[in-house]
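# Fold and contact review
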Amino acid sequence: SSSNEFRPLDHKYIVEYIKATPALRSQLGYNLDDLKIREVGDGNLNFVFIVATPSASLVIKQALPYVRSMGESWSMSKERSYFEAEALREQGLYYYDRTMSVIGMRYLEPPHIVLRKGLISGIEYPLLAEHMSEFMARTLFFSSLLHLTTTQHRSSVAKFCGNVEMCRLTEQVIFSDPYRESQHSYWTSPYLDSDAQAVREDNILKLEVAELKSRFCERAQALIHGDLHTGSVMVTRDSTQVIDPEFSFYGPMGFDIGAFIGNLFLAYFAQDGHANHGNDRKLYKEWILRTIVEIWTLFDKKFTALWDDSNNSSGEAYLPEIYNNAELQLLVKRKYIKDLLHDTLGFAAAKMIRRIVGVAHVEDFESITDTATRAKCERQALDVAKMIMKERRRFEAITGAVSAIQEFH
Ligand code: ADP
Ligand code: SR1
Ligand code: MG
Ligand code: MG
Ligand code: MG
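Since this is a predicted model, take the numbers as computed values, not measurements.

## A look at the overall build of the protein chain
Counting secondary structure elements, the protein chain contains 15 helices and twelve strands. Relative to its length of 409 residues, the protein chain is compact, with a C-alpha radius of gyration of 22 Å against a globular reference of 22 Å. The principal-axis extents of the C-alpha atoms in the protein chain amount to approximately 60 × 60 × 40 Å. Looking at the protein chain as a whole, 54% of its 409 residues are labelled buried. Summing over all exposed atoms, the protein chain offers an accessible surface of approximately 18,300 Å²; the carbon and sulfur share of this is 49%.

## Examining the nonpolar core
Membership of the largest hydrophobic core comes to 108 residues, with the highest contact counts inside it found for Phe-303 and Phe-365. If you count residues domain by domain, this core takes at least three from each of domain 1 (13-105) and domain 2 (113-408). The residues contacting Phe-365, other than those within four sequence positions of it, are Leu-266, Phe-269, Ala-270, Ile-356, Arg-374, Cys-377, Glu-378 and Ala-381. By size, the runner-up hydrophobic cluster in this structure holds 21 residues, among which are Tyr-13, Val-51, Ile-60 and Val-102.

## Focus: the domain arrangement of the protein chain
Taken as a whole, the protein chain is organised into domain 1 (13-105) and domain 2 (113-408). Taken together, the contacts link 17 residues of domain 1 with 21 residues of domain 2. Roughly 1,500 Å² is buried in total at the junction of domain 1 and domain 2, and carbon and sulfur atoms are behind 66% of that figure. Per-residue buried area on domain 1 facing domain 2 is highest for Trp-74, Met-76 and Phe-83; these three make up 35% of the total on that side. If you look at where domain 1 meets domain 2, you find three salt bridges. A salt bridge links Asp-244 to Lys-61, with the nearest nitrogen and oxygen atoms 2.7 Å apart.

## Re the site of ligand 1
Around ligand 1 lies a shell of 18 residues, among which Asp-42, Asn-46, Lys-61, Arg-106 and Glu-246 are the nearest. The contact in question runs from an oxygen atom of ligand 1 to an N or O atom on the side chain of Asp-42, over 2.6 Å. Within the backbone of Leu-108, an N or O atom sits 2.9 Å from a nitrogen atom of ligand 1. Burial of ligand 1 by the protein chains amounts to 93% of its free accessible area of 550 Å². Two domains each donate at least three residues to the shell around ligand 1, and these are domain 1 (13-105) and domain 2 (113-408).

## Focus on the packing of helix 14 (residues 371-391) against helix 15 (residues 398-408)
Following both chains from N to C, one finds helix 14 and helix 15 inclined at 140°, their axes separated by 10 Å at the closest point. On the basis of the axis angle, helix 14 is oblique to helix 15. Considering the relative orientation of helix 14 and helix 15, their crossing is right-handed. Taken together, the residues of helix 15 that come into contact with helix 14 (itself represented by Asp-383, Val-384, Met-387 and Ile-388) are Ala-401, Ala-404, Ile-405 and Phe-408. Each residue belonging to the contact of helix 14 with helix 15 can be placed in one class, and the counts come to seven nonpolar, no polar and one charged.

## Side note on the layout of surface pockets
In this structure, the second largest pocket spans a volume of roughly 600 Å³. Lining the second largest pocket we find 23 residues, and of these Ala-87, Glu-90, Thr-139, Ser-143 and Leu-223 sit closest to its centre. Only helix 3 (80-88), helix 5 (128-142), helix 6 (150-160) and strand 9 (222-224) provide two or more residues apiece to the lining of the second largest pocket. Sorting elements by how many residues they give to the lining of the second largest pocket places helix 5 first, with five residues.

## Considering unusual backbone geometry
Along the chain, Pro-110 connects to Pro-111 via a cis peptide bond; the corresponding omega equals 10°. Looking at the element boundaries, Pro-111 is found in the loop between strand 7 (102-105) and strand 8 (113-114). Here the bond from Ser-189 into Pro-190 is cis, since omega is 5°, no more than 30 degrees from zero. Within the secondary structure, Pro-190 sits in the loop between helix 7 (164-176) and helix 8 (193-200). The residue Ser-101 is not glycine, and still its phi comes out positive at about 50°.

Rules used throughout
- Residues numbered from 1 in each chain as written.
- Chains lettered and ligands numbered in written order.
- Predicted model: local features only at pLDDT ≥ 70, side-chain atom pairs only at ≥ 80, totals over all residues.
- Heavy atoms only, no water.
- Helix = DSSP H or I, 4+ residues; strand = E, 2+ residues; numbered from the N terminus.
- Rg over C-alpha atoms; globule rule 2.2 N^0.38 Å.
- Buried < 20%, exposed > 50% of the residue type's maximum accessible area, 1.4 Å probe, protein only.
- Areas by Shrake-Rupley, 256 points an atom, 1.4 Å probe, with all protein chains shown as cover.
- Core = buried A, V, L, I, M, F, W, Y, C linked by side-chain atoms within 4.5 Å.
- Domains from an automatic or database assignment.
- Contact = heavy atoms within 4.5 Å.
- Buried area = accessible area lost by both parts, 1.4 Å probe.
- Salt bridge = Lys/Arg side-chain N within 4 Å of Asp/Glu carboxyl O.
- Near = heavy atom within 4 Å.
- Polar contact = N/O pair within 3.5 Å; in protein donor to acceptor, adjacent residues only side chain to side chain.
- Axes fitted to C-alpha atoms, helices over the stretch in contact; angles between N-to-C directions.
- Parallel < 35°, antiparallel > 145°, perpendicular 65-115°, else oblique.
- Left-handed = near helix turned anticlockwise from the far one by under 90°.
- Nonpolar A, V, L, I, M, F, W, Y, C, P; charged D, E, K, R; others polar.
- 1 Å grid on protein atoms, 1.4 Å probe; cavity = no way out; pocket = protein on both sides within 12 Å on 5 of 7 lines; lining within 4 Å.
- Points joined across faces, edges and corners; volume = space filled by probe spheres on them.

Printed below as a string of structure tokens:
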């Protein structure tokens, strides 16, 4: 079912809307007398309602034609929810109404929390690396030319190529605004005034960010999530669920892996600001770094295993008649993974920089109330990110990059 016209949901209208929508009614059971509704959106873009009866629940997410955190003056196509729904088809989408830009999906019940909040609280997630490496290896491999024919790949690229406004938002806030004067950018002032200026005056950094931007805009390597930071993952000790794929399109794989790892590095650098007398967070910082190494290592293993097992698949990137001996196949795989590591590190660094001197900051730092302490944490993260962006090609393995980061500060 779908509506005839667009209208923003509120606590009252959402009840009418659910009652008039059989797919949502049946999900909730037919007795809708005792509906509890809470708007819980804490992201930058959209409105998210948890809807529950005493025995059933669901989440309703609506995109309005602007960026929530910036207000109505920053317009943004509500068609973003179409791409989110398309990406969610494999992952528990209940319902989609294109006119209303409304998605109905599974409510990830407590004790699920947003990973970023868990990281701020210092909680270890023993299966996080296993689950996230599996998610990334599978989504990226199966949408790439290692699995698809060029015909299949092109038709899938075409399906997502309309997500233009979301890509343009990323181009602006990640690859442009931090490197120029921008009315929207801010940082912990006055502490980081000269650091922000240094970013805008760093020629080598600008050369590197141009290369990353070109990869983001020009390389349709796989169907990526497009906003895979630690606020886009909900977790318990045993469960890891990726949400919020409204930025999805065919782009470089390293953009997703880098988003996730870069945000783990931000969580790492914020820990000193969350330390207190009871807990210096030293062991927790080590856990974060181990998790970063494990994510990459497991990703490499799982991705390579999918590739090894794909002998009879239709992937057309490396035709078996040409890549016809074990030595060459190994060379090709090692090169692919190494290039991907360098992309991943570059995008991770770009994601870190934008969260410190750009428009949308992260709670990891924003929740550090002492400004001098926050600035110190942010400066360390910024300096490391600049180093990683410039030096990324010299790292042969993730362990080298992580060691360099530990030695750098
Ligand atoms: P935005 O696009 O605005 O960032 P998100 O999809 O990230 O919106 O959702 C915002 C918040 O709503 C999340 O941080 C989370 O707290 C909550 N949320 C979103 N989807 C679900 C879900 N399926 N189950 C439970 N909570 C959710
Ligand atoms: C105005 S920038 C808003 C940011 O929030 C989204 O989740 C993306 O990360 C985007 O860059
Ligand atoms: Mg979000
Ligand atoms: Mg979002
Ligand atoms: Mg990010």
